[in-house]
Amino acid sequence: MNQPVNRPRRIEYLDLFRAMAIMAVVAIHATSTAVTHYPTHSEGYDFYFFWNSILQFAVPAFLFLSSLVLFYNYSARVKETGWMFGFYKKRLLYVFVPYVMWSFIYFGVKQLLARHDPMSHFTIFLKQLLTGTAHTHLYFFLIILQFYVVFPLLLSLTRFRLFKRYLPLFFIAAQAVFYVMHLQFHFERMGSLLPSYLIVIGFGAWIGLNYNVSLEKLRSYRYVLILAFLSGAFIFIYGSVYIKTSLTAIPIMQYTLLFLFRNLFTLSACLLLLMGCERIAARKRDRAHRIHRLFDSLGTVAFGVFLMHPLVLLFWRREFSVELARHFSLGILLSYVVALLLSWVVAIGLRRMKWGWALIGR
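Residues numbered from 1 in each chain as written. Predicted model: local features only at pLDDT ≥ 70, side-chain atom pairs only at ≥ 80, totals over all residues. Heavy atoms only, no water.

### Focus: the packing of helix 1 (residues 14–37) against helix 3 (residues 58–74)
Where helix 1 meets helix 3, the axes come as close as 9 Å, and the angle between the chain directions of the two elements is 155 degrees. Taken together, the axis directions place helix 1 and helix 3 in an arrangement best described as roughly antiparallel. Classified by chirality, the crossing of helix 3 by helix 1 is left-handed. Between helix 1, through L14, F17, R18, A21, I22, A24, V25 and I28, and helix 3, the contact on the second element is made entirely by A58, A61, F62, F64, L65, L68 and V69. (Axes fitted to C-alpha atoms, helices over the stretch in contact; angles between N-to-C directions. Helix = DSSP H or I, 4+ residues; strand = E, 2+ residues; numbered from the N terminus. Parallel < 35°, antiparallel > 145°, perpendicular 65-115°, else oblique. Left-handed = near helix turned anticlockwise from the far one by under 90°. Contact = heavy atoms within 4.5 Å.)

This is the structure:
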């Protein structure tokens, strides 16, 4: 039976991609305490700094994947009428509503822990809701909501052959222009602004629009991508501080180098992760079937895990930091395992409830 034109075949291994990305996100947040705890250049600091830094591709990876999936699923609908209503309705229900719910949860919990009345500080909550600051990870939702706002426009531009053919180059140029503008206007909260991630979004869009062809091209350049990842990661992790301090007097050179190597690292990591997941899925899954199903189940609730794992870490650090002070590394490891597993189990439970979408989307 042929697939309907407007319903392209589901890419199964993207759940594995989501699982890997959310494991990296939880690890970043679990190790953040260690990075601030250890003295700079101590052995413990170097270890945790490396892992916290090498996993920084995780949030861009989710934006890369969101772009890939949206352009893959909606490219056939660009000439249809009425598709935007369904698009925005789905995002309003399954992304914006959970964002509001969890913003209020994090705001309320922190107000109660500080022994404040949450309702007496409601104007503060509204400000945090608009700025994505109710908790540290919620800035991501401001970025993804900005992307949803401009997605129909970007999709409509793909009707122009020149834009569609050189789409990644347009996104690279747009992000570069944004960085140049930042030198002049000094935008606040750069990490919460969509243009800071246009390169990964552009490559995700390109792959979504040219799925089979793009994967073949990526495979032919796999060794180049590996070299790009290794060099980009090394300079991003160990060279960024040197670039910032030595080139303070030449901001354009400083930003150019940081722009190049950070994006080289994050983009190559996203592409290699996608290729790796595709290769794993292409192999026979006889012996590893249960492991694949396990990762797939994590991938399907990755959105929910992303939303709630910082709450687990918040209470873990409040209740167990003193008890595990003498075994600090063990405490970090346990905080990661507990935050990941507890959020995973709760998200699976919520997914089975009729109203669960209000907390973890769909």
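### Points about the confidence of the model for the chain
Per-residue pLDDT for the chain averages 88, and the proportion of residues at 70 or more is 95%. Segment residues 1–5 is flagged for pLDDT under 50; beyond a separation of four residues in sequence, or across chains, it makes one contact in the model. (pLDDT = per-residue confidence, 0-100.)

### A closer look at the packing of helix 1 against helix 2 (residues 43–54)
For the pair helix 1 and helix 2, interaxial distance at closest approach is 9 Å and the crossing angle is 150 degrees. Taken as axis vectors, helix 1 and helix 2 run roughly antiparallel relative to one another. At the point where helix 1 passes helix 2, the crossing takes the left-handed sense. Here helix 1 contributes I28, T31, S32, A34 and V35 to the contact with helix 2, which in turn contributes Y45, Y48, F49 and N52. Considering only residue class, the contact of helix 1 with helix 2 consists of six nonpolar, three polar and no charged. (Nonpolar A, V, L, I, M, F, W, Y, C, P; charged D, E, K, R; others polar.)

### Focus on the packing of aromatic side chains
Tallied over the entire structure, the rule returns 40 aromatic pairs. Ring centres of W83 and F87 lie 6.0 Å apart, and the angle between their planes is 65 degrees; on these two criteria the pair is classed as edge-to-face. Of this pair, W83 and F87 both sit in helix 4 (residues 83–113), four residues apart, which is roughly one turn of that helix. When its relative accessible area of 11% is taken as the criterion, W83 is described as buried. Aromatic side chains F96 and Y99 sit 6.5 Å apart centroid to centroid with 45 degrees between the ring planes, which places their arrangement in the tilted category. Of this pair, F96 and Y99 both sit in helix 4, separated by three residues, roughly a single helical turn. On the basis of relative accessibility, which here comes to 34%, the residue F96 falls in the partly exposed class. Ring pairs connect the aromatic residues F71, Y74, W83, F87, Y88, F147, Y148 and F151, which therefore count as one cluster. Above the plane of the ring of Y148 lies R91, whose end atom (NZ or CZ) is 5.5 Å from the centre. (Phe/Tyr/Trp six-rings, centres within 6.5 Å; stacked < 30°, edge-to-face > 60°. Buried < 20%, exposed > 50% of the residue type's maximum accessible area, 1.4 Å probe, protein only. Lys NZ or Arg CZ within 6 Å of the ring centre and 35° of its normal.)

### Overview of unusual backbone geometry
Phi at H186 is positive, roughly 55 degrees, even though this residue is not glycine. As for its position among the elements, H186 is in the loop between helix 8 (167–185) and helix 9 (198–209). One non-glycine residue, R189, lies in the positive phi region at around 55 degrees. Relative to the elements of secondary structure, R189 occurs in the loop between helix 8 and helix 9. Exposure remark for R189: the relative accessible area of 43% places this residue in the partly exposed category.

### Remarks on the layout of surface pockets
Each pocket or cavity is described by its volume, and for the largest pocket that value is around 1,300 Å³. In terms of lining residues, the largest pocket is bounded by 39 residues, among which R18, V69, K90, R91 and R362 are the most central. If you list the elements that add at least two residues to the lining of the largest pocket, you get helix 1, helix 3, helix 4, helix 6 (139–157), helix 14 (289–300) and helix 15 (302–320). Residue composition of the lining of the largest pocket, by class: 21 nonpolar, eight polar and 10 charged. (1 Å grid on protein atoms, 1.4 Å probe; cavity = no way out; pocket = protein on both sides within 12 Å on 5 of 7 lines; lining within 4 Å. Points joined across faces, edges and corners; volume = space filled by probe spheres on them.)

### Re helix 4
Owing to its 3.6 residues per turn, the α-helix brings residues three or four apart onto one side. Here helix 4 is 31 residues long and its end C-alpha atoms lie 44 Å apart, about the 45 Å a rise of 1.5 Å per residue gives. In helix 4, a bend of some 35 degrees at L92 exceeds every other bend along the element. Just downstream of helix 4, R115 is the residue with a positive phi angle, here 60 degrees. (Expected span 1.5 Å × (residues − 1). Bend = angle between axes of the 7 residues up to and from the residue.)

### Some remarks on the nonpolar core
Counting 106 residues, the largest nonpolar core has F64 and F147 as the members making the most contacts within it. In terms of residue count, the dominant contributor to this core is helix 3 (13 residues). Among the nonpolar cores identified, the runner-up in size contains six residues, and A34, Y45, Y48 and I332 belong to it. (Core = buried A, V, L, I, M, F, W, Y, C linked by side-chain atoms within 4.5 Å.)

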